[in-house]
Amino acid sequence: MTQRGRATRSTGPAGRPRRADAPRGGERAGGPRGDLAARRARLREVIEPVVTAAGYDLEELSVSRAGRRHVVRVIVDADGGIRLDAVAEVSRAVSAALDAAEEAGGDIVAGEYQLEVSSPGVDRPLTLPRHWRRNVGRLVKVTARGAGALPAEQPAGDRQVTGRVVEADDERVVLETDAGRATWTYAELGPGRVQVEFHRLEEIDETDEPDDMDDTDDDFDDEDDVEDEER
């Protein structure tokens, strides 16, 4: 996660002093006035093209209050995942775009705010086809509606299903469950949740060669860096 704080109360977008009589972003025609939804929509207009141009998907954009300041959270992802250095690049690009937008049209988020750019965590729900596709091979838990393609003895109706994602495309997902392989359309599934499998991590530790472990260690170091920044 990359964080960026800005105090917009005393300085302009480029660090220049703001005149006391200068209109604030929320006082301009069409500007947001204490409406988080409007601010989020304006932020999306600025941020989403930047993320898309970099080759990533904007998975989530939220604006919340933290005391006297706002926190702007941006979550990005891509097929194959996104590395920490790529997150940092996206953060710099988003920051530059926000600078340009503020200089052209005033404050997008009135007052002090902090920008946080990160990749999705394992606890993020799977709600779109691309989310399921990016988690092929992982164990997930999901509420299934209807019988799907489970064996006939399985009762119809909503129920919790745990299975490994075998296939996923734009129309449906295939899960390997204890009852056998099952297929559902996305309309028949609620949000999926990836299940953490600690025993699989132990298997990796036992079977990987030292050369392979070098890359794995780098990945865990990256995760530690993310956790440190979040604190």
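For the structure, check the block above.
Model, not experiment: these values are computed from the prediction. (Residues numbered from 1 in each chain as written. Predicted model: local features only at pLDDT ≥ 70, side-chain atom pairs only at ≥ 80, totals over all residues. Heavy atoms only, no water.)

Trainee: Hey, could you run me through a negative patch on the surface in this one?
Mentor: Together, Glu 167, Asp 169, Asp 170 and Glu 171 make up a negatively charged patch on the protein surface. Mapping Asp 169 onto the fold places it in the loop between β6 (159-168) and β7 (172-177). (Patch = residues over 30% accessible without salt bridge, like charges linked within 9 Å, V, L, I, M, F, W, Y side chains within 5 Å. Areas by Shrake-Rupley, 256 points an atom, 1.4 Å probe, with all protein chains shown as cover. Salt bridge = Lys/Arg side-chain N within 4 Å of Asp/Glu carboxyl O. Lys, Arg positive; Asp, Glu negative; His and termini not counted. Charge placed at Lys NZ, Arg CZ, Asp CG, Glu CD. Helix = DSSP H or I, 4+ residues; strand = E, 2+ residues; numbered from the N terminus.)

Trainee: Please explain the sheet that holds β6 as it appears in this structure.
Mentor: The strands making up a sheet associate through hydrogen bonds between their backbones, and the pairing can be parallel or antiparallel. With antiparallel pairing, five strands are arranged side by side in an open sheet as β8-β7-β6-β5-β9. Two strands lie at the open edges of the sheet, namely β8 (180-185) and β9 (193-194), each paired on one side alone. Sheet analysis places β6 next to β7, joined by five bridges and oriented antiparallel. Directly across from Val 165, in β7, lies its bridge partner Leu 175. (Pairing = 2+ DSSP bridges.)

Trainee: Explain the pairing of strand β2 (residues 57-66) here, please?
Mentor: Each regular strand shows side chains that alternate between the opposite faces of the sheet. Sheet analysis places β2 next to strand β3 (residues 69-77), joined by nine bridges and oriented antiparallel. Within the sheet, the bridge partner assigned to Leu 61 lies in β3 and is Val 74. The hairpin formed by β2 and β3 contains two residues between the paired strands, and Gly 67 there has a positive phi angle of roughly 70 degrees.

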